[in-house]
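Coordinates in review
These are the residues of each chain, in order.
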Amino acid sequence: MRTFTCPECANLLFFENSRCVVCGTAVRYDRATRAMVEAEDSHGCANAELAGCNWTAAEGMLCGCCALTRTRPDDGDDRALDAFRRAEAAKRRLVYQLDDLRLPVTDRTADPRQGLAFDLLSSRDRPVTTGHAGGVITIDLAEGDDSHREAVRARLDEPYRTLLGHFRHEVGHWYWDRLVADGPALPEFRRLFGDERADYRQALSDHYATTPGTAWAESHVSHYAAAHPWEDWAETFAHLLHIRDTVQTAAAVGVLVAGDPIEPHRSTPVDAIPDEHGDDLDVLLATWTPLSRALNQLNRSMGKDDLYPFVLAPRVHAKLKFVDDLVRPGR
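No experiment lies behind these values; they were computed from the predicted model shown. (Residues numbered from 1 in each chain as written. Predicted model: local features only at pLDDT ≥ 70, side-chain atom pairs only at ≥ 80, totals over all residues. Heavy atoms only, no water.)

Brief notes about the nonpolar core
Core analysis: the biggest nonpolar cluster contains 75 residues, and Phe167, Trp233, Phe237 and Leu312 have the highest contact counts within it. Ranked by the residues each element gives to this core, the list is headed by helix H2 (residues 78–100), at 9 residues. With residues up to four places along the chain from it excluded, the contact list for Phe237 reads Leu103, Arg168, Val171, Gly172, Tyr175, Val323 and Val327. (Core = buried A, V, L, I, M, F, W, Y, C linked by side-chain atoms within 4.5 Å. Buried < 20%, exposed > 50% of the residue type's maximum accessible area, 1.4 Å probe, protein only. Helix = DSSP H or I, 4+ residues; strand = E, 2+ residues; numbered from the N terminus. Contact = heavy atoms within 4.5 Å.)

Listed below in C-alpha cells is the structure:
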C-alpha cells in the first residue's frame, strides 16, 4: 500500500480515510488516478453509508469495487451488515493491490460466465463455505468476527487467519484459471506444484484427516498448501500479495531495518531497505526476511503473536518466483 495525502493540507491519510483529521476536508479514493481527491469535486459510491465505502463513482452508482459484490446481507440484518462492512473494507484493499499489480479485474458484466464476483454471506442462517467456483468467490462473513475467526484458526491449528487473507487466497484460484489453466505455464506449474488433476475432494478429505506434522514446510508455504496443487498455488499467490503489500507499505512510510549493532550469523541478513516498486523477487525476499523478523520481534514486545508466522523454504522461493513471473510479466 502506497501512502496518501490530503489534497488540501497534505496530511498523511490512511487508505480508509473519508475525512482529513487535520483540516477536516472530506476525501475519497479515486481509482482512476489512484489518489485521494476532495469529496466536493467527485461523486461518492452508492455504498458509502451501507459499506463505509470511500471510493469515487459515477453519480448514484456503485464504485468498481463494490459493484463486484453479487450478494450481500439483507438491509435489516444489522449484525451481518457490520461484518459486511469489514469484508468490503478488506475487498477494497485487495482490489487496490490487484490494480497496482496491473492484474485484470474482469467483472460478470464483461464476462458473464467466468468474470469475477463476490457473494458475501452470513452463516448465521445457513451453512456458508468460503471458496471459489467459476469466478464467484464466496466469503463467510463470520470470518469478520474476531472471536469466531480465532476459534476456527485454533481448531484447525493454523498460525494465521485473516479476512484479507481469505480474499487474497480465493482470488488466487480465479487467477489460476486466467494465468495457468490450459496455457504455456501449465507444465512448469505441474513440475513445481504437482498435478492439479488429482482428485480434489479426496485430497481435501485426506488433508483434514491427518495431523499437520512438519514435512510440509520443506516445500509448502503452509500446511494447507500441501493439500492439493490448486491450494498450493492459492496459498503461494496470497503470500506473494502479503509480502509485496507489506514491503511496499514499509517503503512508502520509510521503514528501514538497520542491524548494525547486531552480529548475526553470516547467512542471516539483518538489514532491510524496502523498495516501493520491488521488481526483483530475489531482492524482495532478501528484504522481506529481515523486515518480517523485525516485525515479529516488535509484535512479541507488545504481547502479540508473530505478524508473519511462516518460514519460506528454498522450494517455496521457487514457487513464489513462478507466481510472480506470471503476475508481473515483462516487468
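Focus: the layout of surface pockets
What the largest pocket holds in volume is close to 1500 Å³. Together, 46 residues line the largest pocket, and Thr130, His169, Glu170, Tyr208 and Tyr224 are the ones closest to its centre. Those elements that provide at least two residues to the lining of the largest pocket are strand E7 (131–133), strand E8 (136–140), helix H3 (146–155), helix H4 (163–179), helix H6 (200–209) and helix H7 (229–252). Looking at side-chain class alone, the lining of the largest pocket contains 17 nonpolar, 18 polar and 11 charged residues. Counted as a void, the second largest pocket has a volume near 1200 Å³. Considering the residues around the second largest pocket, the lining is formed by 37 residues, among which Tyr160, Thr162, Leu164, Thr246 and Leu307 are closest to the centre. For the lining of the second largest pocket, the elements supplying multiple residues, two or more each, are strand E2 (12–13), H3, H4, H7 and helix H8 (281–301). Here the lining of the second largest pocket gets 5 residues from one element, more than from any other, and that element is H7. (1 Å grid on protein atoms, 1.4 Å probe; cavity = no way out; pocket = protein on both sides within 12 Å on 5 of 7 lines; lining within 4 Å. Points joined across faces, edges and corners; volume = space filled by probe spheres on them. Nonpolar A, V, L, I, M, F, W, Y, C, P; charged D, E, K, R; others polar.)

Some remarks on the pairing of strand E6 (residues 117–121)
Within E6, 5 of the 5 residues are buried, leaving the element largely enclosed by the surrounding structure. Pairing between strand E5 (residues 69–71) and E6: 2 bridges, direction parallel. Bridging across to E6, Thr69 finds its partner in Phe118. The handedness of the E5 to E6 crossover, carried by H2, is left-handed. Sheet topology places E6 next to E8; 5 bridges connect them, and they run parallel. Looking at the pairing, Leu121 lines up with Asp140 of E8. (Pairing = 2+ DSSP bridges. Right-handed = clockwise from strand over helix to strand, strands pointing away.)

Remarks on the packing of aromatic side chains
This model, assessed by the stated rule, comprises 25 aromatic pairs. Plain terms: the ring middles of Tyr29 and Trp55 are 5.0 Å apart, the flat faces sit at 55° to each other, and that makes the pair tilted. One end of the pair, Tyr29, is in strand E3 (residues 27–30); the other, Trp55, is in the loop between helix H1 (48–51) and E5, with 26 residues separating them in the sequence. Residue class for Tyr29 comes out buried when judged on its relative accessible area of 0%. A relative accessible area of 1% places Trp55 in the buried class. Relative to Tyr96, the ring of Tyr29 lies with its centre 5.9 Å away and its plane at 65°, an arrangement referred to as edge-to-face. Placement of the pair is Tyr29 in strand E3 and Tyr96 in helix H2, with a sequence separation of 67 residues. By relative accessible area, Tyr96 is classed as buried at 2%. Members of the aromatic cluster, connected to one another through ring pairs, are Trp174, Tyr175, Trp176, Phe189, Phe193, Tyr200, Trp230, Trp233, Phe237 and Phe322. Between the NZ or CZ atom of Lys91 and the centre of the ring of Phe118, over which it lies, the distance is 5.4 Å. (Phe/Tyr/Trp six-rings, centres within 6.5 Å; stacked < 30°, edge-to-face > 60°. Lys NZ or Arg CZ within 6 Å of the ring centre and 35° of its normal.)

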